[in-house]
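# Architecture at a glance
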Amino acid sequence: MKPPVLLTRRIPASVLSRLKATCSVDLHEGDDPISHDDLISRVLGKQALLCLLTDRVDREVLEAGVDLRIVANIAVGYDNIDVAAARARAIPVTNTPDVLTEATAEFTWALILAVTRRVAEGERLLRGGTWKGWALDFMLGMELRGKQLGIVGLGRIGSAVAARAPAFGMSVAACSLEAMTAPAPGAVRRPDVEMMTLDRLLATSDVVTLHVPLTSETRHLIGRHALSRMKRTGYLVNTSRGPVVDEDALAWALGERLIAGAALDVYEQEPRVYPGLLGLDNVVLAPHLGSATTETRTAMASLAVDNVLAVLAGRAPLTPVAG
Ligand code: GLV
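A quick note: this is a predicted structure, and the numbers were derived from the prediction, not measured. (Residues numbered from 1 in each chain as written. Predicted model: local features only at pLDDT ≥ 70, side-chain atom pairs only at ≥ 80, totals over all residues. Heavy atoms only, no water.)

Another point: the pairing of strand β3 (residues 48-51). The alternating pattern of β3 places Ala48 and Leu50 on one face and Leu49 and Cys51 on the opposite face, and all of these are buried. Pairing of strand β1 (residues 4-7) with β3, which is carried by three bridges, proceeds in the parallel orientation. When the sheet's bridge partners are listed, Leu7 is paired in β3 with Leu50. Of the strand pairs in this sheet, β3 and strand β4 (residues 70-73) are connected by four bridges, and their pairing is parallel. Bridge pairing links Cys51 to Asn73 in β4. In this region the chain leaves β3, passes through helix α3 (residues 59-64) and returns to the parallel neighbour β4; the handedness of that crossover is right-handed. (Buried < 20%, exposed > 50% of the residue type's maximum accessible area, 1.4 Å probe, protein only. Helix = DSSP H or I, 4+ residues; strand = E, 2+ residues; numbered from the N terminus. Pairing = 2+ DSSP bridges. Right-handed = clockwise from strand over helix to strand, strands pointing away.)

Given below as structure tokens:
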């Protein structure tokens, strides 16, 4: 008999058929996330749960999943899963690192360019029919060449963002998680990246981009105090997790022109966007598209399936999460 597994959203057909060849798949159809109640009732009797960042896999879900042998998140971030509760039940949790690094780094650059060159603002104006034509002083942005990119969180994605900076003539500063207050000894990983404290990075960077996981230490890492430390000409970009930024504080800083602009791909309560941000022209708002390429989303689903198949076959998971 094939082991029963719960899959909370459609995945590419080729990947799904690989899962179906070995497992009996209970698939939550439709475009909306599975409800928490549905998740609890359908996880019962399943040996694997393949889930998304939109699914809250808490203690209740894990308690209901008495037969679970693995929780495979189709995302690199796993703040949606109570990893400690899973560990207490000896259920491995896996994520999808590496396969989405390049796509997310590319999208970060899309946002950096969009906000500093006012692409979305310009398009809104044009579609609104109020463009009067070329003018020397019309919609001026900030040039990247010669500026400093500040990377908060120099992990896989942060490093891939850093690697693209020389193409735009930017110097790179970074602080890693363990170096939020003081540079960790030996923290310099690339000769072309200057490691510094978060405070100094905020005060000296022209573009600050966030690449930390969401944890109790990084929740609201960027609030009123941090935003006040930034240059008035500086830009903030967030492709990590929404709650790393205090949206109320950001709306305040943008409204008061304490910073020049921001570009967000993630939000505190997705899919809700903080109303105070929606009316501001100096913020670019994207609907969580960081890893959204056909290649990457297929690779993410495939890696999650590989993790499930390995564990159900009695092997070790390929990409277990730390922590
Ligand atoms: C997307 O946000 C991910 O964590 O994979």
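We are not done yet, so read on.
Here we come to the environment of Glu247. Here Glu247 lies in helix α10 (residues 247-255). Judged by relative accessible area, which is 3%, Glu247 ranks as buried. Each residue touching Glu247, except ones within four places of it in the same chain, is listed here: Val266, Tyr267, Glu268, Tyr274 and Leu277. Among the polar contacts listed, one links the side chain of Glu247 to the backbone nitrogen of Glu268, at a separation of 2.7 Å. (Contact = heavy atoms within 4.5 Å. Polar contact = N/O pair within 3.5 Å; in protein donor to acceptor, adjacent residues only side chain to side chain.)

Core analysis: the largest hydrophobic core is formed by 51 residues, its most contacted members being Leu19, Leu50, Leu149, Val207 and Val308. Looking at this core element by element, the count peaks at eight residues for helix α12 (residues 294-312). A domain split of this core shows at least three residues from each of domain 1 (4-99 + 294-312) and domain 2 (101-285). Dropping the residues within four chain positions of it, Val308 is found in contact with Val5, Leu19, Ala48, Leu50, Ile70 and Ala72. One finds Leu227, Met230, Leu254 and Ala262 within the second-largest nonpolar core, a separate group that totals 32 residues. (Core = buried A, V, L, I, M, F, W, Y, C linked by side-chain atoms within 4.5 Å. Domains from an automatic or database assignment.)

Every residue close to the ligand is listed here: Leu53, Ala75, Val76, Gly77, Leu100, Arg241, His288 and Met300. Contacts to the ligand include Gly77, whose backbone N or O atom sits 2.9 Å from an oxygen atom. The side chain of His288 places a nitrogen or oxygen atom 2.7 Å from an oxygen atom of the ligand. When the free accessible area of the ligand is taken as 190 Å², the share hidden by the protein chains comes to 90%. Residues belonging to the shell around the ligand are distributed by class as follows: five nonpolar, two polar and one charged. (Near = heavy atom within 4 Å. Areas by Shrake-Rupley, 256 points an atom, 1.4 Å probe, with all protein chains shown as cover. Nonpolar A, V, L, I, M, F, W, Y, C, P; charged D, E, K, R; others polar.)

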